[in-house]
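# Per-entry structural report
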Amino acid sequence: MVSKLFGIAAASLLLYSGHALASPNPVVEELFTANRTLGGRIVAYPEGTPEMRVYRITVPVGAKIPLHIHPSPVVVMVEQGKLSNVRIVDGAEVTDTIAAGEGFLEGHPGEPHYVINTGTEPAISLVTFASVEGMPNMVRVE
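Just so you know, these numbers come straight off a predicted model, no measurement behind them.

Conventions adopted
Residues numbered from 1 in each chain as written. Predicted model: local features only at pLDDT ≥ 70, side-chain atom pairs only at ≥ 80, totals over all residues. Heavy atoms only, no water. Phe/Tyr/Trp six-rings, centres within 6.5 Å; stacked < 30°, edge-to-face > 60°. Helix = DSSP H or I, 4+ residues; strand = E, 2+ residues; numbered from the N terminus. Buried < 20%, exposed > 50% of the residue type's maximum accessible area, 1.4 Å probe, protein only. Lys NZ or Arg CZ within 6 Å of the ring centre and 35° of its normal. Contact = heavy atoms within 4.5 Å. Pairing = 2+ DSSP bridges. Axes fitted to C-alpha atoms, helices over the stretch in contact; angles between N-to-C directions. pLDDT = per-residue confidence, 0-100. 1 Å grid on protein atoms, 1.4 Å probe; cavity = no way out; pocket = protein on both sides within 12 Å on 5 of 7 lines; lining within 4 Å. Points joined across faces, edges and corners; volume = space filled by probe spheres on them. Nonpolar A, V, L, I, M, F, W, Y, C, P; charged D, E, K, R; others polar.

### Structural notes on the packing of aromatic side chains
Inspection of every chain in the model, using the stated rule, returns one aromatic pair. Arranged with centres 5.6 Å apart and planes meeting at 90°, the rings of Tyr55 and Phe129 form a pair that is edge-to-face. Of this pair, Tyr55 sits in strand E1 (residues 50–59) while Phe129 is found in strand E8 (residues 123–132), placing the two residues 74 residues apart along the sequence. Relative accessible area serves as the criterion here: at 6%, Phe129 is assigned to the buried category. Directly above the ring of Tyr114 sits Lys64, whose terminal nitrogen or CZ lies 4.1 Å from the centroid.

Here you go:
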């Protein structure tokens, strides 16, 4: 009986230990954290049934996403290239340039902005909306 148990234990170690040792541990890196927009405003979460949305957006060189606001918090992580985020503050344009590996937070109705690729290559971003069912991702401002 002891011999049988020893054999089962040894076989288990060979089968499972080798697999566990061969598998690397996950690497967790915090890429971005914020509670304020580029303009310094704290975002607010909308009421309703929560709905997370994630998009990959490619902005060609010279392309512009028109003036808009976001009714819910939005995190943008630039994967490639760079983007210029232009906010309208008291009638004046304030610009921040966000390069690959950097991110920013949007989502305050008092902070209309547009985004333009002024770089030399397409800008690719992962964009996550902390929204609610039925709410648009952005609202154009005329």
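Next, the rest of the story.
### Focus on unusual backbone geometry
Non-glycine residue Asp90 carries a positive phi angle of around 50°. Within the element layout of this structure, Asp90 appears in the loop between strand E4 (82–89) and strand E5 (92–99). Using a relative accessible area of 81% as the deciding quantity, one classes Asp90 as exposed.

### Concerning the environment of Pro73
Position of Pro73 relative to the elements: it lies in the loop between strand E2 (64–69) and strand E3 (74–80). Pro73 sits in the buried class, given a relative accessible area of 4%. Distance in space between the C-alpha atoms of Pro73 and Ser131 is 7.0 Å, their sequence separation being 58 residues. In contact with Pro73, other than residues within four places in its own chain, are Val43, Ala44, Tyr45, Pro46, Leu105, Glu106, Gly107, Thr128, Phe129 and Ala130.

### Observations concerning the sheet that holds E1
Taken in spatial order, the four strands line up as E1-E8-E3-E6 in an open sheet, and their pairing is antiparallel. A single partner strand is all that each edge strand has here, and the edge strands are E1 and strand E6 (103–106). With strand direction ignored, the average angle separating the axes of adjacent strands in the sheet is 20°.

### Section: the confidence of the model for the protein
With 85% of its residues at a pLDDT of at least 70, the protein reaches an overall mean of 88. Per-residue pLDDT, averaged within each element of the protein, yields its smallest value for helix H1 (residues 2–22) (50) and its largest for E1 (98). Overall, residues 1–10 carries pLDDT values under 50, and its contacts beyond four positions in sequence, including any with other chains, amount to zero contacts.

### A few points about the environment of Ala123
By secondary structure assignment, the location of Ala123 is in strand E8. Overall, the relative accessible area of 0% leaves Ala123 in the buried class. With 43 residues separating them in the primary sequence, Ala123 and Gln80 have C-alpha atoms 5.3 Å apart. If we skip the residues at most four places from it in the chain, Ala123 touches Ile57, Thr58, Val59, Gln80, Gly81, Lys82, Leu83 and Asn117.

### Description of the sheet that holds E4
Across the sheet, five strands lie side by side as E5-E4-E7-E2-E9; this open sheet has antiparallel pairing. Since the sheet does not close on itself, it has two edges, and those belong to E5 and strand E9 (139–140), each with one partner. Direction of pairing for E4 relative to E5: antiparallel, over a ladder of eight bridges. Paired with Ile88 across the bridge in E5 is Glu93.

### Side note on the layout of surface pockets
Taken as a whole, the largest pocket spans an internal volume of roughly 260 Å³. Lining the largest pocket we find 19 residues, and of these Ile57, Ile65, His68, His70 and Val127 sit closest to its centre. Residue assignment for the lining of the largest pocket shows that the elements contributing at least two residues are E1, E2, E3, E4, E6, strand E7 (113–116) and E8. Residue composition of the lining of the largest pocket, grouped by class: twelve nonpolar, six polar and one charged.

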